[in-house]
Amino acid sequence: MDKIGILQAGSVRAVKDGKKRILEVLAAPFGSPTRKDKLGQYLSPRTDYMIEVGDRRPLLYFHGYSPRGRSMKQPPSIGVATATRKDDKGLWMHAELDDSELSDRTWKAALEGNARASTGSVNYLERHDDRTGEVYCWPIAELSVFDGGDERIPVSDDAVVLPLRALFTEHDIP
């Protein structure tokens, strides 16, 4: 078995299992009528993500934009995201980073406590209540993780990167 390293930086921690760099992400956090995102909307326990535990989605850097916020002609995948659970905080995903330059940038940000996350949806299937802002249907097409910055601000500040608890349990780590 490879040695597992637990790396911390402030409130953000990440797990390195051998050569794998894995993040646990609150990808789709629940809000409320009094806690809405920057678009004036919120996800709730009733939101349909059209995703099941175990389903995988592409892991992108900042929804396919460059670190300077420019649209990339061919948005590169920086790994794979897997839906792991839904609890009272929202939908959680595991994000396994590859060895690309943008992944390195994101990993470094996670270690420094500056990693951000956001889900991308299929826009023509998204449904929400115009009056309350509650999102009824948010089909998750991808998960984006990235380093925070002036040009890289997520729609919801509640999406977070945390330790990979499943790996802790699997290897008997308290």
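Residues numbered from 1 in each chain as written. Predicted model: local features only at pLDDT ≥ 70, side-chain atom pairs only at ≥ 80, totals over all residues. Heavy atoms only, no water.

Which residues make up the overall build of the protein, and what values go with them?
Within the protein, the regular secondary structure consists of two helices and twelve strands. Scanning the protein from its N terminus toward the C terminus, one meets helices and strands in the order β-β-β-β-β-β-β-α-β-β-β-β-β-α. Residue burial in the protein is summarised as follows: out of 174 residues, 45% are buried. Looking at the protein alone, contacts between residues at least 24 apart form 68% of all its contacts between residues at least 6 apart. (Helix = DSSP H or I, 4+ residues; strand = E, 2+ residues; numbered from the N terminus. Buried < 20%, exposed > 50% of the residue type's maximum accessible area, 1.4 Å probe, protein only. Contact = heavy atoms within 4.5 Å.)

Explain the confidence of the model for the protein to me, and be specific about the residues and the numbers.
Mean pLDDT for the protein: 80, with 75% of residues reaching 70 or above. Predicted confidence is poor over residues 1-13, with pLDDT under 50, and the contacts of this stretch with residues over four places away or in other chains come to 34 contacts. Low confidence marks residues 162-167, where pLDDT is under 50. Its contacts with residues over four positions away, or in another chain, come to 19 contacts. (pLDDT = per-residue confidence, 0-100.)

Mind laying out the packing of aromatic side chains, listing which residues take part and the relevant values?
Under the definition given, this model contains two aromatic pairs. The rings of Phe 62, Tyr 65 and Phe 146 are connected pair by pair, giving a single aromatic cluster. Just above the ring of Trp 92 sits the side chain of Arg 85; from NZ or CZ to the centre is 4.5 Å. (Phe/Tyr/Trp six-rings, centres within 6.5 Å; stacked < 30°, edge-to-face > 60°. Lys NZ or Arg CZ within 6 Å of the ring centre and 35° of its normal.)

Tell me about the sheet that holds strand E10 (residues 134-137), and name the residues and values.
Across the sheet, which stays open at both edges, the three strands sit in the order E4-E10-E9 with mixed pairing between neighbours. Only two strands of the sheet have a single partner each, and these edge strands are strand E4 (42-48) and strand E9 (127-128). Two elements, E4 and E10, share three bridges in a ladder whose sense is parallel. Bridged to Tyr 42 within E10 is Glu 134. (Pairing = 2+ DSSP bridges.)

Go over helix H1 (residues 101-112) with me, naming the residues and quoting the values.
With twelve residues, H1 ought to run about 16 Å at 1.5 Å a step, and its terminal C-alpha atoms sit 17 Å apart, in line with that. Restricting attention to buried positions, one finds in H1 the residues Leu 102, Ser 103, Thr 106, Trp 107, Ala 109 and Ala 110. Considered in projection along H1, the buried side chains sweep an arc of 160° and stay on one side of the axis. Away from its buried face by more than 90 degrees, H1 exposes Glu 101, Lys 108 and Glu 112. Immediately downstream of H1, the backbone of Gly 113 shows phi near 80°, a positive value. (Expected span 1.5 Å × (residues − 1). Arc of directions from axis to C-beta.)

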